Amino acid sequence: MANTIWVLVELEGGAPVRSSLEVLGKAARLGRAEAIVLGSGAAEVAPTLGEYGAEKVYVHADAAYDQYLTLPAVETVSKLFAEHQPTLLLLPTTYDLRDIAARLSMRNGMGLITDATDLTIGDDGLKVTVPWGGETVVTATLTQQRPGIVLTRPKAFSVEQYAGRTAEIENINTTISAESQTIRVIETVEVKSEGPALEDAAVVVSGGRGLGKAENFHYVEELAEILGGAPGATRAIVDAGWLPYSYQIGQTGKTVKPTLYIAAGISGAIQHLAGMKGSKYIIAINKDEHAPIFANADLGVIGDAVSILPQLSTEIKRRKA
Amino acid sequence: MKMFVCIKQVPDPNTTVSKLDPNTKRLVRNGVSLVLDPGDESTISAAIKLRDKVGNSELVAVSMGPASAQEAMRRALAMGADRAILISDPALAGSDAGTTARVLAALLKKEGADVIFCSTESTDGYTGMVPGGIAEVMGIPQLTFAREINIEGQKAVIKRVIPKGYQTIESSLPAVITIASGSFEAIYPTMKGIMGAKRKPYSQVSLADLGLEASQVGEAGAREQVLSIGTAEARAAGQIIKDDGNAAQQIAEFLQRYQLL
């Protein structure tokens, strides 16, 4: 296969993040996968990427990539584009890579497709699958005969093992310009105990009056924690004093747009729907089969959230183990 | 300081399911109730608060869209923006995110913006590529996912939401700042604000006013092409099940099927 797919690998705590490895595995299935690793931990990580599909790794172990956001990576990857002609740059949608992708595409006049869940490169070119709302799937392509960027939806692919594969390492000799060192990181603060912020969580589990009493809200919190998400609430139970305002989802509270939203014991008042309707997948659990939330759910379960939530937590733990 | 907020009129996410026209392959806007993007309400609110905190500053709402987008602009004015500029031109229909960024950047450059606010992404297209694109065309930094913003002299310092917590980051001005939706309490228009909005300056500019060619924008300038629009498998209608004791397993299977575990 003649296609060369580049993946910019993100590091966290000196290790490649999972989403980068997922996309690297997909790149290896599409053709020749080449990784780019930037930052202080890059030299140590580079040799390990062969096992995840990379045939070649471009490395630049410079701390400027950690101290300054976006622009150093855009500068270096743009330089690499000027020297090589890969078919595609494939990136998972993350906070940092999304910022980098936007500037890269503009600087280099590249086409860019976001929110992809799959892609193929055949004789008739690139075909990218992009879900649109709940009912539609778009197949898109890039119009130019030059490298483009595809951003994929998180968790669209799984990590693949290429045991025994050794990647060729190429050190990038470049100096990052002063103009690229302008978005400075002053400090990074980990907020450990709270899980992801509600408005930015990829998974939100929220509860409403159907939980019966405030003491049952811990079922919502447990499931959210198992799914790596954040717990949320309806205005009704916030007004009732079960939870502080910071949990409130809806028109007068927070707007969330996670990949997965689980509504437990929520009837689905318009004002609540306003705050979560943009979620990609919605699962609703409610005793009342006429609850409006069901009209907005991809999966509606008529039943008691108080009994289903703990069972679901147990079931997910079992499947994840 | 000259502050700008980029906004968009979108199909009302509370009353409509956004659809794509199989012929034009564009978002259906006819017969659909259009509103100011709810995400933009939070962004405008953040911008108004910063304008008032910094003092001696002006906040201008800008948008690219059909003339009917005027209504969304009026809402921004009613909330508290000082004036509004709509870029409208028939040639812009079908523009991609890159073109949208170039067109908005042309106006912002001309206006001499110091701070440019954008939502992280729109509610209808959600590519999230326009803010970074504007910053790149203008050659200025972008500070993204802000949940707190401070202007200190000629510097912007923000708290940026990241998956594990937050980062404090800074850059020189001018800069593009994107807002983490829901981080700023919304300002609702008052009756006085709505009445006053009618007297605030509102202008509409064309591509020619910005020195841009029709051949560079719209479908002609797009680098992406929709090949086909199909029906999503197994998600056409929501599936409703009754808990017969197996609901937990059924939910877990759903999560696995859509790679949500």
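For clarity, every value in this text was computed on a predicted model and none was experimentally measured.

**Details of empty space enclosed by the protein**
Counting across every chain of the model gives one cavity of 30 Å³ or more. Here the largest cavity is characterised by a volume of approximately 70 Å³. Together, Arg98 and Asp99 of chain A together with Thr120, Gly128, Pro131, Gly132, Gln142, Thr144, Phe145 and Thr178 of chain B line the largest cavity. For the lining of the largest cavity, the secondary structure elements donating two or more residues are α5 (95-107) of chain A together with α4 (130-138) and β7 (142-152) of chain B. For the lining of the largest cavity, the element with the most residues is β7 of chain B, which contributes three residues.

**Looking at the side chain of Ser313 of chain A**
In this fold, Ser313 of chain A is placed in helix α9 (residues 305-320). Beyond its immediate sequence surroundings of up to four residues, Ser313 of chain A is in contact with Glu222, Leu223 and Ile226 of chain A.

**Focus on a nonpolar patch on the surface**
A contiguous nonpolar patch, built from Met191, Ile194 and Met195 of chain B and spanning about 310 Å² of accessible area, is present on the exposed surface. Here Met195 of chain B shows up in helix α5 (residues 191-197).

**What to know about the packing of aromatic side chains**
Taken as a whole and assessed by the stated rule, the structure comprises seven aromatic pairs over all chains. Plain terms: the ring middles of Tyr281 of chain A and Tyr258 of chain B are 4.8 Å apart, the flat faces sit at 35 degrees to each other, and that makes the pair tilted. With one member in each of two chains, Tyr281 of chain A in strand β17 (residues 281-286) and Tyr258 of chain B in the segment after α7 (247-257) form a pair that bridges those chains. Each of the two residues, Tyr281 of chain A as well as Tyr258 of chain B, counts as buried.

**As for helix α1 (residues 38-54) of chain B**
Residues and elements named next belong to chain B. The terminal C-alpha atoms of α1, which comprises 17 residues, lie 25 Å apart, in line with the 24 Å expected from a rise of 1.5 Å per residue. Counting buried residues along α1, twelve of its 17 residues qualify, which places the element largely inside the surrounding structure. When α1 is considered as a whole, its buried residues turn out to be Gly39, Asp40, Glu41, Ser42, Thr43, Ile44, Ser45, Ala46, Ala47, Ile48, Leu50 and Arg51. The N-cap residue of α1 is Asp37: its side-chain oxygen and the backbone nitrogen of Gly39 are 2.9 Å apart. Downstream of α1 by one or two residues, Gly55 has phi in the positive range, about 80 degrees.

**As for α4 of chain B**
With eight of nine residues buried, α4 of chain B is to be regarded as a mostly interior element. Regarding α4 of chain B, the residues found buried are Val130, Pro131, Gly132, Gly133, Ile134, Ala135, Glu136 and Met138 of chain B. Where α4 of chain B is buried, its residues contact α5 of chain A together with β1 (2-6), α3 (97-111), β6 (115-119), β7 and β10 (175-179) of chain B. In the segment just after α4 of chain B, Gly139 of chain B is the residue with positive phi, at about 70 degrees.

**Some remarks on the sheet that holds strand β14 (residues 203-207) of chain A**
Strands belonging to one sheet form pairs held by backbone hydrogen bonds; the direction of such a pair is parallel or antiparallel. Strand order across the open sheet formed by six strands is β15(A)-β14(A)-β16(A)-β17(A)-β18(A)-β13(B), with parallel pairing between neighbours. Two strands in the sheet have a free side with no partner beyond their single neighbour: β15 (230-233) of chain A together with β13 (239-242) of chain B. For this sheet, the mean angle separating the axes of adjacent strands, direction not counted, is 15 degrees. Note: β17 of chain A against strand β18 (residues 299-302) of chain A, four bridges, orientation parallel. In the strand pairing of β18 of chain A, Ile283 of chain A is matched with Leu299 of chain A. Contacts between helix α6 (residues 217-226) of chain A and the sheet are confined to β14, β15 and β16 (260-264) of chain A, with β15 of chain A contributing the most and set at about 145 degrees to the helix. Each of β16, β17 and β18 of chain A touches α9 of chain A; the most contacted strand, β17 of chain A, lies at about 130 degrees to it.

**Concerning the pattern of salt bridges**
All names here are of chain A. The full count for this structure, using the stated rule, is 31 salt bridges over all chains. The salt bridge involving Arg29 is made with Glu160; its shortest N-O contact spans 2.6 Å. Note that Arg29 is positioned in helix α1 (residues 18-30) and Glu160 in the loop between β11 (148-152) and β12 (168-171), a separation of 131 residues in sequence. On the accessibility criterion, Arg29 (42% relative accessible area) is partly exposed. A salt bridge links Glu34 to Arg32; the nearest nitrogen and oxygen atoms lie 2.7 Å apart. The exposure class assigned to Glu34 is buried, which follows from its relative accessible area of 7%. The network of salt bridges with common partners includes Arg32, Glu34, Glu55 and Arg165.

**Section: the packing of α3 of chain B against α4 of chain B**
All names here are of chain B. Direction vectors running N to C along α3 and α4 enclose 50 degrees, while the axes themselves pass 8 Å from each other. On the basis of the axis angle, α3 is oblique to α4. At the point where α3 passes α4, the crossing takes the right-handed sense. For the pair α3 and α4, contact is made by Ala97, Thr100, Ala101, Arg102, Leu104, Ala105, Leu108 and Lys109 and by Val130, Gly133, Ile134, Val137 and Met138, respectively. Residue composition of the contact of α3 with α4, by class: nine nonpolar, two polar and two charged.

**Focus: the domain arrangement of chain A**
In terms of domains, chain A is made up of domain 1 (4-180) and domain 2 (198-320). Each of domain 1 of chain A and domain 2 of chain A was reduced to a C-alpha centroid, and the two centroids are 34 Å apart.

**Quick word on the nonpolar core**
Counting residues in hydrophobic clusters, the biggest one holds 40 residues, and the most contacted among them are Val5, Ile7, Ile44, Phe117, Ile149 and Ile177 of chain B. In terms of residues, this core owes the most to one element, helix α2 (residues 70-79) of chain B, which gives six residues. Excluding anything up to four places from it in sequence, Ile177 of chain B contacts Val115, Ile116, Phe117, Cys118, Leu143, Ala146, Ile149, Ala156 and Ile158 of chain B. In terms of nonpolar packing, the next biggest core, distinct from the first, is built from 39 residues, Val9, Ala46, Val130 and Val138 of chain A among them.

Reading guide: rules and limits
Residues numbered from 1 in each chain as written. Chains lettered and ligands numbered in written order. Predicted model: local features only at pLDDT ≥ 70, side-chain atom pairs only at ≥ 80, totals over all residues. Heavy atoms only, no water. 1 Å grid on protein atoms, 1.4 Å probe; cavity = no way out; pocket = protein on both sides within 12 Å on 5 of 7 lines; lining within 4 Å. Points joined across faces, edges and corners; volume = space filled by probe spheres on them. Helix = DSSP H or I, 4+ residues; strand = E, 2+ residues; numbered from the N terminus. Contact = heavy atoms within 4.5 Å. Patch = residues over 30% accessible without salt bridge, like charges linked within 9 Å, V, L, I, M, F, W, Y side chains within 5 Å. Areas by Shrake-Rupley, 256 points an atom, 1.4 Å probe, with all protein chains shown as cover. Salt bridge = Lys/Arg side-chain N within 4 Å of Asp/Glu carboxyl O. Phe/Tyr/Trp six-rings, centres within 6.5 Å; stacked < 30°, edge-to-face > 60°. Buried < 20%, exposed > 50% of the residue type's maximum accessible area, 1.4 Å probe, protein only. Expected span 1.5 Å × (residues − 1). Polar contact = N/O pair within 3.5 Å; in protein donor to acceptor, adjacent residues only side chain to side chain. Pairing = 2+ DSSP bridges. Axes fitted to C-alpha atoms, helices over the stretch in contact; angles between N-to-C directions. Parallel < 35°, antiparallel > 145°, perpendicular 65-115°, else oblique. Left-handed = near helix turned anticlockwise from the far one by under 90°. Nonpolar A, V, L, I, M, F, W, Y, C, P; charged D, E, K, R; others polar. Domains from an automatic or database assignment. Core = buried A, V, L, I, M, F, W, Y, C linked by side-chain atoms within 4.5 Å.

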